[in-house]
Amino acid sequence: MSQRYYIVGNWKMNGLRSAMTEARAIDRAAQRLPKVEVAIAPPATLIATMREGVTHIGVGAQNCHMAEKGAHTGDLSAQMLREAGADFVIVGHSERRADHHETDADVKAKAEAAQSIDMGVILCCGESEAERDSGEAEEIVARQLAASLPDGCQRLSVAYEPIWAIGTGRVPQVSDVAAMHRRLRTVLTDKYGDAGADVRILYGGSVKGDNAAELLAVPDVGGALVGGASLTADGFVPIIAAAAEQD
Ligand code: PGA
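Conventions used here
Residue positions are counted from 1 within each chain, in the order its sequence is given. Selection of residues for local features in this predicted model requires a pLDDT of at least 70, selection of side-chain atom pairs for listing and counting requires 80 or more, and totals for whole chains, interfaces and linings are taken over all residues. With hydrogens and water set aside, each side-chain value is computed from the structure's full complement of heavy atoms. We call a set of buried Ala, Val, Leu, Ile, Met, Phe, Trp, Tyr and Cys residues a nonpolar core when their side-chain atoms join them within 4.5 Å. Categorising residues by exposure relies on relative accessible area from a 1.4 Å probe, with only protein chains included: less than 20% of the type maximum marks a residue as buried, more than 50% marks it as exposed, and the intermediate range marks it as partly exposed. Secondary structure elements follow DSSP: runs of H or I of four or more residues count as helices, runs of E of two or more count as strands, with numbering from the N terminus. Whether two residues touch is decided by their heavy atoms; if any such pair falls within 4.5 Å, the residues are in contact. For cavity detection a 1 Å grid was placed over the protein atoms alone, and a set of points counts as a cavity when a 1.4 Å probe fits there but cannot get out; an open set counts as a pocket when protein lies on both sides within 12 Å along at least five of seven lines, with lining residues being those that have an atom within 4 Å of a point. Grid points are joined across faces, edges and corners, and a volume is the space filled by probe spheres set on the points. Under the scheme applied here, ten amino acids are nonpolar (Ala, Val, Leu, Ile, Met, Phe, Trp, Tyr, Cys and Pro), four are charged (Asp, Glu, Lys and Arg), and all others, including Gly, are polar. By definition, two strands form a pair when at least two bridges between them are found by DSSP. For this description, a residue counts as near a given molecule or strand if any of its non-hydrogen atoms is within 4 Å of it. Pairs of N or O atoms are called polar contacts if they sit within 3.5 Å, as long as, within protein, a hydrogen donor faces a hydrogen acceptor (for residues adjacent in sequence, only side-chain-to-side-chain pairs). Working definition of accessibility: Shrake-Rupley area with a 1.4 Å probe, residue cover restricted to the visible protein chains. To estimate the expected span of a helix, subtract one from its residue number and multiply by 1.5 Å.

**Student:** Which residues make up the nonpolar core, and what values go with them?
**Tutor:** With 72 residues, the main nonpolar core has Ile-7, Leu-149, Leu-216 and Phe-236 as its most contacted residues. Among the elements that make up this core, the one with the highest residue count is helix α10 (residues 233-244) (8 residues). In this structure, Leu-149 is in contact with Lys-108, Leu-123, Leu-156, Val-158, Val-187, Leu-188, Lys-191 and Tyr-192, ignoring residues within four places of it in sequence. The next biggest cluster of nonpolar side chains, apart from the first, holds 11 residues, and it includes Tyr-6, Phe-88, Ile-90 and Ala-159.

So this is what it looks like as structure tokens:
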């Protein structure tokens with residue numbers, strides 16, 4: 001694939017203004033490593049500050065509402081997030097599916113809301129540990145992805161994140177990542193035809209500086225969605241550097 005690797009930090013519910021020191025250091029590293037497309041999704045409260053404080057990285061949101069506006073106390077629409085400075089939004093993260101009971105249909109609607117105003121979308125999918133142990137993980141995640149995909153694939157990336165690998169320090173076998181990404185690629189080409197071949201599929205779940213090179217070298221891994229290790233430049237920059245060193 002000729003596209004750049006896409007390395008995205010998901011800061012989750014972490015980051016006050018003081019964390020801009022880290023964001024600026026990550027931004028400087030991204031300037032030195034232009035072969036890699038780098039982005040951070042900070043908490044919504046930091047989007048505007050981060051957009052003003054960095055120049056070489058994308059800034060995104062971690063969720064949006066599917067409606068344009070209305071009586072949804074505490075929620076934010078894609079338009080609001082874009083106006084604040086977000087260029088993309090993560091949808092369907094397993095923590096939102098679990099904590100906020102988001103269904104595949106909700107995730108699809110959120111992705112379409114973002115695409116309708118030309119924001120990028122990173123759509124997450126992945127299996128639980130019990131689902132992995134059942135031997136059915138590929139079928140289950142393929143079904144989840146197919147039901148969550150928006151109707152069009154403009155500015156779309158997918159993130160495969162096994163739930164049991166998130167924040168645990170455990171990562172799947174490289175062969176399992178390869179098999180899953182191959183399976184998800186067929187879901188994308190079944191839905192979008194040839195255009196589905198260009199949708200980047202990121203791997204997420206305990207990506208660190210010392211395992212990034214191996215994971216990024218897997219065929220059909222187009223980047224990484226990184227939680228814990230993206231919170232500091234010391235943790236995140238080695239992952240960006242590992243992507244820069246891939247052929
Ligand atoms: P982690 O999180 O890198 O801390 O495992 C990844 C994610 O949830 O996106």
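**Student:** Kindly report on the layout of surface pockets, identifying the contributing residues and their values.
**Tutor:** The space that makes up the largest pocket amounts to roughly 550 Å³. Lys-12, Ala-44, Gln-62, Asn-63 and Arg-96 are, among the 24 residues lining the largest pocket, the residues nearest its centre. The greatest single-element share of the lining of the largest pocket, amounting to 3 residues, is contributed by helix α4 (residues 94-99). Residue composition of the lining of the largest pocket, by class: 9 nonpolar, 10 polar and 5 charged.

**Student:** Summarise the pairing of strand β1 (residues 5-10); cite the residues concerned and give the values.
**Tutor:** Across the 6 residues that make up β1, a large majority, 6, are buried. The two faces of β1 match: Tyr-5, Ile-7 and Gly-9 on one face and Tyr-6, Val-8 and Asn-10 on the other face are all buried. The pairing of β1 with strand β2 (residues 36-41) spans 6 bridges and is parallel. The residue of β2 that forms the bridge with Ile-7 is Val-38.

**Student:** Give a description of the site of the ligand that names residues and reports values.
**Tutor:** Around the ligand, the structure places 13 residues, and the nearest of them are Lys-12, His-93, Glu-161, Gly-167 and Ser-206. The separation between an oxygen atom of the ligand and a polar side-chain atom of Lys-12 is 2.7 Å. Within the side chain of Glu-161, an N or O atom sits 2.7 Å from an oxygen atom of the ligand. In isolation the ligand has 280 Å² of accessible area, and contact with the protein removes 97% of it. Across the shell around the ligand, the residue classes break down as 4 nonpolar, 7 polar and 2 charged.

**Student:** Give me the lowdown on helix α1 (residues 20-32), citing residues and values where you can.
**Tutor:** Helix length check: α1, at 13 residues, gives a terminal C-alpha distance of 18 Å against a target of 18 Å (1.5 Å per residue), a fit within 8%. Among all positions in α1, only Met-20, Ala-23, Ala-25, Ile-26, Asp-27, Ala-29 and Ala-30 are buried. Where α1 is buried, its residues meet β2, α2 (47-53) and α10.

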